[in-house]
Amino acid sequence: MMAEKLVLIDGNSIAYRAFFALPLLNNDKGVYTNAVYGFTTMLLKILEEDKPDHILVAFDAGKTTFRHKTYEEYKGGRQKTPPELSEQFPVLKELLDAFEIKHYQLDQYEADDIIGTLAARGQEKKYDVKVISGDKDLLQLVSDKVKVSLTKKGITNVDTYDPDFLLEKMEIRPDQVIDLKALMGDSSDNIPGVPGVGEKTAVKLLKQFDKLEAVFEQLSEVSGKKLKEKLETHKDEAFMSKELVTIERNAPIEIDLGDLEYQHYDQQKVSSIFRDLGFQSLISRVSTDEVASHQEVPEDWDEVEVNVIRELTKDMITGKEAVVVEMLHENYHQSPIVGISIVNSNENYFITIDDAEKSEEFIKWAQDPSQEKWVFDAKRTLVALRRHGISLQGVSFDLLLASYLINPSENNHDVPSISHRMNERAVQYDEEIYGKGAKLKVPDDESIMQEHVTRKAAVLYKLKETMDAQLQQNEQYELYEELEMPLALILGEMEHWGVQVDVGRLEDMGSDLDRRLNDIKADIFELAGEEFNLNSPKQLGPILFEKLELPVIKKTKTGYSTSADVLEQLQDEHEIIEKILLFRQLGKLKSTYIEGLLKVVNQDTNKIHTRFNQALTQTGRLSSIEPNLQNIPIRLEEGRKIRQAFVPSKENWVMFASDYSQIELRVLAHIAQDEKLRNAFKEGKDIHTQTASEVFDVSEGEVTSQMRRQAKAVNFGIVYGISDYGLSQSLGITRKEAKTFIEKYLSSYPGVKEYMNESIQEAKRLGYVKTFMNRRRYLPDITSRNFNQRSFAERTAMNTPIQGSAADIIKKAMIDLDERLRTEKLQARMLLQVHDELILEAPEEELERLKELVPEVMEQTVELDVPLEVDYSFGPTWYDAK
DNA sequence: TCCTGCACGC
DNA sequence: GACGTACGTGCAGGAG
């Protein structure tokens, strides 16, 4: 029979770890939840993987413990537990109650002692005991029956120690852990140990003498006069330290192991607490895999009446309706529509797409711009209906965009989450209704789906007012109504129109790449003397660094790093390196760009339809998926050729590309009001050369290409808000040098420096920073006590207004350009946006007009204190438009 | 199915 | 003095 499993968790330690490992999250009620969240992910992992029969979470009791009698200063000088953490303990205990997991604390004792005692009792009963903590002291409990898991980086990442692993890692036995601590001390608990003896010396001593006692008995044999003296003088401290770090294994605990039996928790209770805490992502982990039509609904569930109709009639319409066009799949270019719900102040309707298409009144209503439609994700809705030949007009509210603008850092902009945040009625997640992956389907009982879709529409209807008010209050209504909403429609048109692809060209490039990859692969295997999976860094590492004995430059947590920057440093060491780099480069082209693109080409039209995510990035930029058309290669000629496969969709049309030159730095010059930077742009200077001349203190004529390259990296850093570390990496210099560069830059451009400081101050004052058009980004970490988190927030405060305002500008340019193309009755179509450039296709005869029009519109869309400069190019393929 | 390591763009 | 450090998407491998 398998031994019973007992899991003992050090509650304080894990909560503490989680608190410092995770950003200071809070839920919609402003309660901090990061420690609880981290603890919970760890707990779920244990429940799933270890499947304990018995479980307990131990907490420290109060301030004083029996150890203070031995040593008053025990744990003295320790930083007070931050209030943001202490307030999470009651919540944590509540959560444990919901899981029906016992937690325990004992006056005068620490969590360690509770764990030590119960581990000893478990061991006696021949249980398999597992201890979870972040505290190395617990390692003294390790034995054949007791394993100790210590958190490494993060919280769910642990090292599990048994006696062998301990010996391998620390070169000591479990019983020597206390001797080790006695010698080296522990500053975090204010345990003195022997001053001047660290881990190295302590291990050496224990290897020689085995036990602490023996060290002092045979003191004369200790090598080194200094060390001998130190040991002699601090003998008492050492023995006292040993006493302090020894965990009590016989504490007066009145609970029996039998009380700790773990029953399965109540899914309802746990999900409901998760919902309250805002742990949306964890809910699915505690609910069963069954499709949720079998799931119980929450207690406060209210009925939503659904009126299933076959046809829309005039009397049903009020002029303001919430509409949800439901699709099971994310990709709305392909997914069938399962139905449409329409909700207004009087009624809730549901109609299938087949019936809707046939209903004249429905089409008339949908296409009538004077009939308001309130939707979630206007672009998605628009494109879906467009595929059925319906051109949706009159969209006047988009819950997705509103939610995104109000707070882009909320990562769950879906109806159930928004509804919960806004204290509206409960809505189930789509996944709960339809399942996921292979099991995704409409429930057999269709009324469940109809109710769900209608419920979403009902919430949408209710939320319009709240969201509008919030946007008004944030002074973001214009951003919403004049920028993002119109843009959504334009993006929808672009996506729906698609980009033509020369499939034959892609296929030819693919076979060519295949041949070359095979040749290179053969060469590499020859040089390596064996065959292996070249795509596996895990297999490549040992070949390079063990078999070929190349110097190890960097390691990752799973082995040797084989990233490009490491390989580049090894270029001269072995001819295999160059070939690996080439293999990687070509392999990427083949898998991501040739095969990846061919996979998503529409078979009937040979067009590609990307989806722009308009509600994702923290800065206001767009992103592009399935496929990502914003990262088609350009830097290296080899990759750039991929662009030859992107062609106009009609005969005698051309590709036309137009991009802003240095838009972010111009935006910076404008908002920072920096005289020097502004003049540089006004005088049309090469900005990197200008920066180099400032930073290196030479005349522009004396700027070498090396200096210009470095200055370019500094400018890049300013635009992207990278750290001194980031700059040092990109230039291959030390952090210190990078820091000097940045400081030099800031003193050369005092206006910029002042702006940077003001931006940080503003973030501290308001809690957020904003762009030209009042796009917001909240930065709660700006006051963090954690240096990293705070630094990151500071760089974000400096960078987001720059990058975000640039995003505002190009979005506005797209709206203006769309308008001009219409009014001038041009056939030219916008196809793509790549952050600072627009790609169009147009009939050749419109080319002359576009050369004037596009740059003019882009340059004039906003007026800054510096000119905006736009370059353009064109040709028979995207490649030629360079 | 999820995570990691890597690589592409701005 | 160490932390882990612009934003995105997508691929292959490998562990569960």
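This one's a predicted model, so the numbers in the text were calculated from it and none came from an experiment.

A.B. asks: Would you mind going over the overall build of chain A with me for this structure?
C.D. replies: Counting its regular elements, chain A contains 36 helices and 25 strands. The C-alpha radius of gyration computed for chain A amounts to 32 Å, which stays within 12% of the reference 29 Å derived for 882 residues, consistent with globular compactness. Dimensions of chain A, computed from the C-alpha atoms along their principal axes, are close to 100 × 75 × 60 Å. Relative to its full complement of 882 residues, chain A shows a buried share of 53%. Nonlocal contacts in chain A, meaning residues at least 24 apart in sequence, comprise 68% of its contacts between residues at least 6 apart. Element-wise, carbon and sulfur atoms account for 46% of the exposed surface of chain A, whose accessible area totals about 41300 Å². Side-chain charges of chain A comprise 111 positive and 154 negative groups, with the mean position of each set lying 4 Å from the other.

A.B. asks: I'm lost on the nonpolar core in this one. Help?
C.D. replies: A general trend in soluble globular proteins is that nonpolar side chains are found buried together. Within the largest apolar cluster, 180 residues are counted, with the highest numbers of intra-cluster contacts made by Ile-340, Leu-668 and Tyr-745. Excluding residues within four positions of it along the chain, Leu-668 makes contact with Gln-673, Leu-677, Ile-718, Tyr-745, Val-752, Tyr-755 and Ile-802. Judged by nonpolar contacts, the second largest core, of 52 residues, contains Leu-8, Leu-206, Leu-219 and Ala-251.

A.B. asks: Even after reading the chapter, I still don't get the protein's contact with DNA strand B, so can you show me in this structure?
C.D. replies: As a matter of local geometry, DNA strand B sits amid 26 residues, with Thr-558, Thr-562, Asn-631, Ile-634 and Arg-635 nearest to it. Protein-proximal atoms of DNA strand B, defined as those within 4 Å of the protein, fall in sugar or phosphate at a share of 84%. Taking Ser-563, its main chain carries an N or O atom lying 3.4 Å from a phosphate oxygen of DNA strand B. In this structure, Lys-588 approaches DNA strand B through a side-chain N or O atom, which is 3.1 Å from a base nitrogen.

A.B. asks: Would you mind going over the protein's contact with DNA strand C with me for this structure?
C.D. replies: Around DNA strand C there are 27 residues in total, and Ser-536, Lys-538, Gln-539, Glu-626 and Tyr-725 lie nearest to it. Atoms of DNA strand C within 4 Å of the protein belong to the sugar or the phosphate in 62% of instances, the rest to bases. A distance of 3.1 Å separates a phosphate oxygen of DNA strand C from a polar side-chain atom of Asn-533. Between DNA strand C and the protein, one listed contact pairs a phosphate oxygen with a backbone N or O atom of Glu-626 at 2.5 Å. Secondary structure elements with two or more residues in the surface near DNA strand C: α24 (537-547), α26 (575-599), β18 (623-625) and α35 (787-823). Split into classes, the residues belonging to the surface near DNA strand C amount to seven nonpolar, 14 polar and six charged.

A.B. asks: Sorry, what's going on with the domain arrangement of chain A here?
C.D. replies: By a widely used convention, the size of an interface equals the accessible area lost when the partners come together. In terms of domains, chain A is made up of domain 1 (5-172 + 247-260), domain 2 (303-499), domain 3 (503-605) and domain 4 (664-805). Computed from C-alpha atoms alone, the centre-to-centre distance between domain 2 and domain 3 is 45 Å.

A.B. asks: Help me out: how do you make sense of the pairing of strand β24 (residues 837-843) in this one?
C.D. replies: Working note: regular strand, side chains alternate between the two faces of the sheet. With seven of seven residues buried, β24 is to be regarded as a mostly interior element. Side chains of β24 alternate between two faces, with Glu-837, Ile-839, Glu-841 and Pro-843 and Leu-838, Leu-840 and Ala-842 buried alike. In the sheet, strand β20 (residues 653-661) pairs with β24 via seven bridges, with the strands oriented antiparallel. By the bridge assignment for β24, Val-654 is matched with Ala-842. Both strand β23 (residues 829-833) and β24 contribute to a ladder of four bridges, which runs antiparallel. The residue of β24 that forms the bridge with Gln-833 is Leu-838. Counting the residues between successive antiparallel strands, the hairpin from β23 to β24 contains three residues, one of them, His-835, with a positive phi of roughly 70 degrees.

A.B. asks: Please explain the sheet that holds β24 as it appears in this structure.
C.D. replies: Backbone hydrogen bonds are what pair the strands of a sheet, in a parallel or an antiparallel way. Reading across the sheet, the four strands line up as β23-β24-β20-β25 and stay open at both edges, with antiparallel pairing between neighbours. Looking along the sheet, the strands with just one partner apiece sit at the ends: β23 and β25 (869-875). Strand after strand, the sheet turns through a mean of 25 degrees between neighbouring axes, direction not considered. Taken strand by strand, helix α36 (residues 847-860) contacts β20, β24 and β25, and its axis lies near 25 degrees from that of β20.

A.B. asks: Is there a simple way to explain the UniProt feature "domain: DNA-directed DNA polymerase family A palm" (unreviewed entry) in chain A in this structure?
C.D. replies: The UniProt record annotates "domain: DNA-directed DNA polymerase family A palm" (unreviewed entry) at residues 639-846. Across residues 639-846, the secondary structure splits into 58% helix and 14% strand, with the terminal C-alpha atoms separated by 30 Å.

A.B. asks: What am I meant to see in the side chain of Ser-623 here?
C.D. replies: Residue placement: Ser-623 occurs in strand β18. Judged by its relative accessible area of 17%, Ser-623 falls in the buried class. Not counting chain neighbours up to four residues away, the residues in contact with Ser-623 comprise Arg-611, Phe-612, Asn-613, Leu-616, Thr-617 and Gln-630.

The rules behind each value
Residues numbered from 1 in each chain as written. Chains lettered and ligands numbered in written order. Predicted model: local features only at pLDDT ≥ 70, side-chain atom pairs only at ≥ 80, totals over all residues. Heavy atoms only, no water. Helix = DSSP H or I, 4+ residues; strand = E, 2+ residues; numbered from the N terminus. Rg over C-alpha atoms; globule rule 2.2 N^0.38 Å. Buried < 20%, exposed > 50% of the residue type's maximum accessible area, 1.4 Å probe, protein only. Contact = heavy atoms within 4.5 Å. Areas by Shrake-Rupley, 256 points an atom, 1.4 Å probe, with all protein chains shown as cover. Lys, Arg positive; Asp, Glu negative; His and termini not counted. Charge placed at Lys NZ, Arg CZ, Asp CG, Glu CD. Core = buried A, V, L, I, M, F, W, Y, C linked by side-chain atoms within 4.5 Å. Near = heavy atom within 4 Å. Polar contact = N/O pair within 3.5 Å; in protein donor to acceptor, adjacent residues only side chain to side chain. Nonpolar A, V, L, I, M, F, W, Y, C, P; charged D, E, K, R; others polar. Domains from an automatic or database assignment. Pairing = 2+ DSSP bridges. Axes fitted to C-alpha atoms, helices over the stretch in contact; angles between N-to-C directions. UniProt positions renumbered as here; feature names shortened; annotations may be inferred.

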